[in-house]
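So you can see what is in the structure, the chains are spelled out below.
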Amino acid sequence: MTAVPAPAQPPSVYRLSPAEEQRLSGFFAAGKLPPALEQAIGEYMTKKVGRDWHDPVILERLRRAIVAQKDDYWKPAGKRSLQYTKAYSVLGYLAYHFPVYFMQTEHLLAMLARDGLLKKHMTVIDAGTGPGVVPLAIADFWSRLDGATADVFSLERSEEHIEAFLALRDRFVPKGGRVSIKPPVKADITLPESARMPQQADLVIFSNVVNELGDRTPEQRADLVMRFADRLAPDGTLLIVEPAEEATSTQLRLLSLALKKKGLTIHSPCSYIRGTNCTPDRCWSFVTAPPIRPTAAMEILASGNEPFRYVNTDIKYSYVVLRKDRKTREDYRVPHGSRALRLSQIRKHAERRVNIIAAKMSENLGDRQNLMFRICDGTADIPVYAVIPSFHITPQNDLVVSAPYGAILRFEGVLVRHNPKHNAYNVLVSRNTAITKAA
Ligand SMILES: C[S@@+](CC[C@H](N)C(=O)[O-])C[C@H]1O[C@@H](n2cnc3c(N)ncnc32)[C@H](O)[C@@H]1O
């Protein structure tokens, strides 16, 4: 048999070498904010408040800032007062949110690298950069690569964040290194034309910022994002990341579809295996990654009452990757004539055993006894979950548990059940179900 040549890669694509993969695995296994960055954050906090940040008075103010920020976050978008105009709101952000978002960005960069979406040299724009979470993560990620370089530009409206960003950059990122982090531009991202930015970028990122844009419809948000997409290179990548919380996550799916209607292609995580458009108004889908190790600041803040309020280690996020060139992560399509049930037809099959082909679109949403995974084939107008009691897990069906987020699976012999309480459908996986990779 003659070997089929691998599809040609554009020469600019940066492929990870085995040595780089190994370095990344070591970093993710440790799950730890780089010590130099943790130290830089501590030094900045001390400089900013004019006293050692371990001082009990300072710790109390930090705790109050963290609690206020979290309370604000749970309010509806239009009712939040998040402006980051006060020093402590940014210090609270550094102590509580920064470590998780930094590590989350590293996971996302690894994903882009493995999807072949990084280039040997990249121009990046980060919109709503805060204290430079994404640019600093890029500098750290690139430090584990042997030959890649990047110029990173960013926009931010809060002066307090910009000050923190510059202080962390100067302490953490080597001058003259392979990543050049430009000083953030003070600008409103709803008026991108007024900001001095490169005309063409290889990667544009919105990380945890779209949900802060107030009461805008998905179409209005899409218009705003498209103004940034105008600056995207023809083979560039747009990455939008939002917290996994239900309302923001669901909004992200609506925004993704609005962007698709405006001409961008959803590269991932959605796979449209039936070639249809989806109806994402109830699509709550997010990724989880192993928790990070708590930083020293989190541990000290948690040494008083209600320690759980100050430790933030879980990584859960929703993302979408969009392209202009129609590139998608998966090109699998359900073959014509397949007997797998379209999930749009699931209503007609309640209490019947069926075969389906669908992507796994969540980690376990149930508990240890009863595991539950969101699944999607792009056709359903009602959420569908694969449910499996732990004692039914066998080597023949354990892919529903072990396959990564986004994997396309073939389920043979699942029982359809309506869940009236949640107006959803469950497909019950039993020890008689066989699950294989479809793609
Ligand atoms: C939750 S923080 C996210 C920071 C960072 N991207 C991250 O992932 O950690 C949101 C940031 O977006 C900024 N932001 C919100 N609306 C903005 C706007 N209209 N123009 C510029 N920056 C904005 C806020 O000031 C804040 O720094």
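Residues numbered from 1 in each chain as written. Predicted model: local features only at pLDDT ≥ 70, side-chain atom pairs only at ≥ 80, totals over all residues. Heavy atoms only, no water.

### Thoughts on the site of the ligand
- Around the ligand sit 19 residues in total, of which Tyr93, Gly128, Glu156, Ile189 and Ser207 are the nearest.
- One nitrogen or oxygen atom from the side chain of Glu156 is found 2.6 Å from an oxygen atom belonging to the ligand.
- Ser207 places a polar side-chain atom, nitrogen or oxygen, 2.6 Å from an oxygen atom of the ligand.
- Surface burial for the ligand is 98%, taken as the share of its 590 Å² of free accessible area covered by protein chains.
- Tallied by class, residues from the shell around the ligand come to eight nonpolar, seven polar and four charged. (Near = heavy atom within 4 Å. Polar contact = N/O pair within 3.5 Å; in protein donor to acceptor, adjacent residues only side chain to side chain. Areas by Shrake-Rupley, 256 points an atom, 1.4 Å probe, with all protein chains shown as cover. Nonpolar A, V, L, I, M, F, W, Y, C, P; charged D, E, K, R; others polar.)

### Let's talk about the packing of helix H6 (residues 133–142) against helix H7 (residues 159–172)
- Interhelical geometry of H6 versus H7 gives an angle of 10 degrees and a closest axis separation of 10 Å. Classed by the angle they form, the pair H6 and H7 counts as roughly parallel. When H6 is examined against H7, the residues Pro135, Leu136 and Asp140 are found in contact with a partner set consisting of Phe165, Leu168, Arg169 and Phe172.
- Here the residues of the contact of H6 with H7 are counted per class, giving five nonpolar, no polar and two charged. (Axes fitted to C-alpha atoms, helices over the stretch in contact; angles between N-to-C directions. Helix = DSSP H or I, 4+ residues; strand = E, 2+ residues; numbered from the N terminus. Parallel < 35°, antiparallel > 145°, perpendicular 65-115°, else oblique. Contact = heavy atoms within 4.5 Å.)

### A short note on the environment of Arg216
- Along the polypeptide, Arg216 turns up in the loop between strand S5 (201–207) and helix H8 (218–229).
- For Arg216, the residues in contact, after removing those within four places along its chain, are Thr190, Arg221 and Leu224.
- At 2.5 Å, the side chain of Arg216 and the backbone oxygen of Leu213 are in polar contact.

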